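Letter by letter, the chains look like this.
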Amino acid sequence: MPNRYAYLGPEGTFTEAALRALRPEAPDGARVPCDGVAAVFDAVRTGTVDGGVVPLENSVEGGVTATIAELVNGEPLLITGETAIPVEFALFARPGTVLEDVKRVATHPHALAQCRGWLARRLPDAETHTVSSTAAAARTVSEPGAPYDAAICAVIAGERYGLHALAVGIGDRGGAATRFIYLSRPGAVSAPTGADRTSLVAFISDDHPGALIEVLSQFSVRGVNLTRLESRPTGDKLGSYCFCIDAEGHVAEARVGEALMGIRRVCRDVRFLGSYPRGGEAVETDPPLRPRPATDAEFAEAEQWLARIRAGHVD
Ligand SMILES: O=C(O)C(=O)Cc1ccccc1
């Protein structure tokens, strides 16, 4: 049976575009739309699909709460891939609707947050409603007796559901991009590629001064660059937080492996979410100026030195 992949549906979401970028070989019928982020996680967990794609973070709006909640508290899955794609928003309505007719607009919460300026200028009196995805909004608007007059969605979604564009390029910030992750059931971590990312959740032992510094310093002293840091409530009690961290590098590399061990020592719990190839990023230009981290050779040499000392040599 060919592989099947779950994604935040219905057809026409930005997540579908991300899945197409991550699995370009997947034939039609292999992509399984799900009603929400949690449903994608469940489809992967129960094995009805081989993998799944969900949005993780947006360059303007930040983390996608539903995804992070599943990664932190849900039955564990592994992140085995990622891609980042540009997101451009348009306003679509049933044919015959003009902008002045639009009283109720539906879309995904992240799309709404990124189009607020445009809505305030052009549709100041319209009610806004959030639904499970931009394409779900477009599909609902296309149905007879729809409770909304227009959807904020991708052009491809508006066209897919037979709507017509009232405005395109309505995002408040040009160049917005969203990062999507590919989820697999737990298994072996793929080999390092040289351009990888490692994701984890650190649960600090108790609330004490310097708890976050203790975690972050495990990376900084080993020259590991962080690409995302987000604090999330653990759900246990008010004021109880965990830290969702993305770092450059692969768990098979000494500096990342040692940083993970260091975090394990100072934290109540650590959830390893995966090491996987970085994807979909703009080509890096000049590297940022930062203190020179130790090289891999220096890590290996230091390990040998420690082994010699432990064996009774003093050189
Ligand atoms: O609703 C969609 O189309 C999604 O894939 C989620 C989303 C929404 C807004 C920006 C990026 C991703």
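Since the structure is predicted, the reported quantities are computational estimates derived from the model, not experimental observations.

## Considerations on unusual backbone geometry
A cis amide bond, omega 0°, links Gly-9 with the succeeding residue Pro-10. Relative to the assigned elements, Pro-10 resides in the loop between strand 1 (5–8) and helix 1 (14–22).

## So, the pattern of salt bridges
Throughout the structure, instances matching the rule amount to 17 salt bridges. One salt bridge in this structure joins Arg-179 and Asp-246, with 2.7 Å as the shortest N-O distance. On the criterion of sequence distance, the pair formed by Arg-179 in strand 11 (residues 177–184) and Asp-246 in strand 14 (residues 241–248) is long-range, its members being 67 residues apart. Each member of the pair, Arg-179 as well as Asp-246, is classed as buried. One salt bridge in this structure joins Arg-264 and Asp-269, with 3.8 Å as the shortest N-O distance. Owing to a relative accessible area of 33%, Asp-269 belongs among the partly exposed residues under this scheme. Taken together, the shared-partner salt bridges in this structure form one network comprising Glu-57, Glu-82, Arg-179, Arg-197, Arg-228, Glu-230 and Asp-246.

## Structural notes on the domain arrangement of the chain
Under the domain assignment used here, the chain contains domain 1 (90–168) and domain 2 (188–315). Using C-alpha coordinates to define each centre, domain 1 is positioned 42 Å away from domain 2.

## Some details on the site of the ligand
For the ligand, the full set of nearby residues is Leu-8, Thr-13, Phe-14, Thr-15, Val-87, Phe-89, His-108, His-110, Ala-111, Ser-133, Thr-134 and Thr-178. Measuring from an oxygen atom of the ligand, one finds a side-chain N or O atom of Thr-15 at 2.5 Å. Protein contact buries 99% of the 320 Å² of open area that the ligand shows by itself. Among the elements of the structure, helix 1 and helix 4 (109–114) are those that each provide at least two residues to the shell around the ligand. Residue classes in the shell around the ligand are distributed as five nonpolar, seven polar and no charged.

## Re the sheet that holds strand 8 (residues 127–130)
If you trace the five strands from one edge of the open sheet to the other, you get 8-7-9-6-10, paired in mixed fashion. Each end of this open sheet is capped by a strand with a single partner; those strands are strand 8 and strand 10 (164–168). Within the sheet, the average angular offset between the axes of one strand and its neighbour, ignoring direction, is 30°. Sheet analysis places strand 7 (residues 104–107) next to strand 9 (residues 150–153), joined by two bridges and oriented parallel. Directly across from Ala-106, in strand 9, lies its bridge partner Ala-151. Against the sheet, helix 6 (residues 134–142) engages strand 6 (90–93), strand 7 and strand 9, with an angle of about 155° to strand 9.

## Structural notes on the packing of aromatic side chains
By the definition in use, this model includes two aromatic pairs. The interplanar angle of 80° and the centroid separation of 5.6 Å between the aromatic rings of Phe-14 and Phe-89 together place this pair among those described as edge-to-face. Remark: Phe-89 occurs in the loop between strand 5 (78–86) and strand 6 and Phe-14 occurs in helix 1; sequence separation between them is 75 residues. Summarising the burial analysis for this pair, Phe-14 and Phe-89 share the class buried. Positioned above the aromatic ring of Tyr-182 is the side chain of Arg-23, whose terminal nitrogen or guanidinium carbon lies 4.0 Å from the ring centre.

## Side note on the nonpolar core
One finds Phe-89, Leu-91, Val-105, Trp-118, Leu-123, Ile-152 and Ile-170 to be the most contacted residues of the largest nonpolar core, which totals 32 residues. For this core, the elements supplying multiple residues, two or more each, are strand 1, helix 1, strand 6, helix 4, helix 5 (116–122), strand 9 and strand 11. At four residues, helix 1 tops the list of elements feeding residues into this core. Dropping the residues within four chain positions of it, Leu-91 is found in contact with Leu-99, Val-105, Trp-118, Leu-123, Ala-150, Ala-151, Ile-152, His-164, Ala-165, Leu-166, Ala-167 and Ile-170.

## Description of the environment of Ala-191
With respect to the helices and strands, the residue Ala-191 is situated in the loop between strand 11 and strand 12 (196–204). In sequence terms Ala-191 and Gly-257 are 66 residues apart; their C-alpha atoms lie 14 Å from each other.

## Re the UniProt feature "domain: ACT" (unreviewed entry) in the chain
The positions that UniProt labels "domain: ACT" (unreviewed entry) are, in the present scheme, residues 200–277. The span residues 200–277 is 29% helix and 41% strand, and its two end C-alpha atoms sit 15 Å from each other.

## Examining the pairing of strand 3 (residues 51–58)
Burial analysis of strand 3 places eight of its eight residues in the buried class, which makes it a mostly covered element. Looking at chain direction, strand 3 and strand 11 are connected through six bridges and run antiparallel. Within strand 11, the position partnered with Glu-57 by the bridge is Arg-179. In terms of strand pairing, strand 3 meets strand 4 (residues 62–63) through two bridges, oriented antiparallel. Considered in strand 4, the bridge of Glu-57 is made with Gly-63. The turn linking strand 3 back onto strand 4 is made up of three residues.

## As for the sheet that holds strand 12
The four strands are arranged 13-14-12-15 in an open sheet whose pairing can be described as antiparallel. At either end of the open sheet lies a strand with only one pairing partner, and these are strand 13 (226–233) and strand 15 (267–277). Mean inter-strand twist for the sheet, computed between neighbouring axes without regard to direction, equals 15°. Judged from the seven bridges that link them, strand 13 and strand 14 form a sheet pairing that is antiparallel. Bridge pairing in strand 14 links Arg-232 to Cys-242. Packing against the sheet, helix 3 (residues 65–73) makes contact with strand 12, strand 13, strand 14 and strand 15, and its axis sits at approximately 120° to strand 15.

The rules we used
Residues numbered from 1 in each chain as written. Predicted model: local features only at pLDDT ≥ 70, side-chain atom pairs only at ≥ 80, totals over all residues. Heavy atoms only, no water. Helix = DSSP H or I, 4+ residues; strand = E, 2+ residues; numbered from the N terminus. Salt bridge = Lys/Arg side-chain N within 4 Å of Asp/Glu carboxyl O. Buried < 20%, exposed > 50% of the residue type's maximum accessible area, 1.4 Å probe, protein only. Domains from an automatic or database assignment. Near = heavy atom within 4 Å. Polar contact = N/O pair within 3.5 Å; in protein donor to acceptor, adjacent residues only side chain to side chain. Areas by Shrake-Rupley, 256 points an atom, 1.4 Å probe, with all protein chains shown as cover. Nonpolar A, V, L, I, M, F, W, Y, C, P; charged D, E, K, R; others polar. Pairing = 2+ DSSP bridges. Axes fitted to C-alpha atoms, helices over the stretch in contact; angles between N-to-C directions. Contact = heavy atoms within 4.5 Å. Phe/Tyr/Trp six-rings, centres within 6.5 Å; stacked < 30°, edge-to-face > 60°. Lys NZ or Arg CZ within 6 Å of the ring centre and 35° of its normal. Core = buried A, V, L, I, M, F, W, Y, C linked by side-chain atoms within 4.5 Å. UniProt positions renumbered as here; feature names shortened; annotations may be inferred.

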